[in-house]
Amino acid sequence: MPKLKDLYIKKKINKKLVSLLAKMQYILDNDEDGNTNVTLVLGEIDRLKSIMINKYKEHLKSEEFSYLLKKLMIIEEEFKVKYNRKQIYREMLMEDFDEMLGRGR
């Protein structure tokens with residue numbers, strides 16, 4: 001019976017991860033300024049971390065729990081890096097555009 005519970009919990013967490021990844025990809029692919037979307041996604045990640053720690057830690061094996069938590073933390077860090085890189089690139093493009101129009105600083 002514990003194996004079935006482990007499988008159910010892992011499936012539930014992975015389903016939430018897939019949903020988060022889809023939202024992250026949408027934010028990274030679209031050019032609209034989505035600071036509120038980024039805040040919402042990061043809030044969902046924090047919420048999922050707290051759910052994992054408070055609710056699922058006692059039901060999963062310690063190796064599986066630490067693996068899933070590390071996976072979530074890596075996903076969060078990669079998203080932050082890619083989003084920041086996108087913002088820097090956008091700022092560089094705007095500076096180049098302003099210089100082309102003769103509105104340099």
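Everything numeric here is computed off the predicted structure, so don't read it as measured data.

1. Comments concerning helix H3 (residues 62-100)
Across its 39 residues, H3 extends 57 Å between first and last C-alpha, which sits within 8% of the 57 Å expected from 1.5 Å per residue. Every buried residue of H3 is listed here: Glu 64, Phe 65, Leu 68, Leu 69, Leu 72, Ile 75, Glu 76, Phe 79, Tyr 83, Lys 86 and Gln 87. Considering only its buried residues, H3 is in contact with helix H1 (2-29) and helix H2 (35-56). Where H3 ends, the next residue or the one after it, Gly 102, has phi of about 85°, a positive value.

2. Some details on the packing of H1 against H2
Running from N to C, H1 and H2 point in directions that differ by 170°, and their axes come no closer than 10 Å. Between H1 and H2, the interaxial angle falls into the category roughly antiparallel. Considering only the axes of H1 and H2, their crossing is left-handed. Taken together, the residues of H2 that come into contact with H1 (itself represented by Ile 9, Lys 12, Ile 13, Lys 16, Leu 17, Leu 20, Lys 23, Met 24 and Ile 27) are Asn 37, Val 38, Val 41, Glu 44, Ile 45, Leu 48, Ile 51, Met 52 and Tyr 56.

3. Some thoughts on the confidence of the model for the chain
Here the chain shows a mean pLDDT of 87. Residues at 70 or above account for 95%. The least confident element of the chain is H3, whose mean pLDDT is 87; the most confident is H2, at 91.

4. Brief notes about the nonpolar core
With 21 residues, the main nonpolar core has Ile 13 and Met 52 as its most contacted residues. Secondary-structure elements contributing two or more residues to this core are H1, H2 and H3.

5. Let's talk about the side chain of Glu 76
Examined against the element boundaries, Glu 76 turns out to sit in helix H3. With a relative accessible area of 6%, Glu 76 lands in the buried category.

6. Here's the deal with a nonpolar patch on the surface
On the surface, Met 94, Phe 97, Met 100 and Leu 101 cluster together to form a nonpolar patch covering roughly 450 Å² of accessible area. As for its placement among the helices and strands, Met 100 is situated in helix H3.

7. Quick word on the pattern of salt bridges
Tallying each qualifying case throughout the model produces 6 salt bridges. Between Lys 49 and Asp 46 there is a salt bridge; the shortest N-O distance is 3.9 Å. In this pair, Lys 49 and Asp 46 are both assigned in helix H2, 3 residues apart and thus about one turn of the helix distant. In this structure Lys 49 comes out as buried when scored by relative accessible area, which is 17%. For Glu 77, the salt bridge identified is with Lys 80, shortest N-O distance 4.0 Å. With Glu 77 and Lys 80 both in helix H3 and 3 residues apart, the pair spans about one turn of that helix. On the basis of relative accessibility, which here comes to 43%, the residue Glu 77 falls in the partly exposed class. A cluster of three or more residues bridged by salt bridges with shared partners is formed by Asp 46, Lys 49, Glu 76, Glu 77 and Lys 80.

Analysis parameters
- Residues numbered from 1 in each chain as written.
- Predicted model: local features only at pLDDT ≥ 70, side-chain atom pairs only at ≥ 80, totals over all residues.
- Heavy atoms only, no water.
- Helix = DSSP H or I, 4+ residues; strand = E, 2+ residues; numbered from the N terminus.
- Expected span 1.5 Å × (residues − 1).
- Buried < 20%, exposed > 50% of the residue type's maximum accessible area, 1.4 Å probe, protein only.
- Contact = heavy atoms within 4.5 Å.
- Axes fitted to C-alpha atoms, helices over the stretch in contact; angles between N-to-C directions.
- Parallel < 35°, antiparallel > 145°, perpendicular 65-115°, else oblique.
- Left-handed = near helix turned anticlockwise from the far one by under 90°.
- pLDDT = per-residue confidence, 0-100.
- Core = buried A, V, L, I, M, F, W, Y, C linked by side-chain atoms within 4.5 Å.
- Patch = residues over 30% accessible without salt bridge, like charges linked within 9 Å, V, L, I, M, F, W, Y side chains within 5 Å.
- Areas by Shrake-Rupley, 256 points an atom, 1.4 Å probe, with all protein chains shown as cover.
- Salt bridge = Lys/Arg side-chain N within 4 Å of Asp/Glu carboxyl O.

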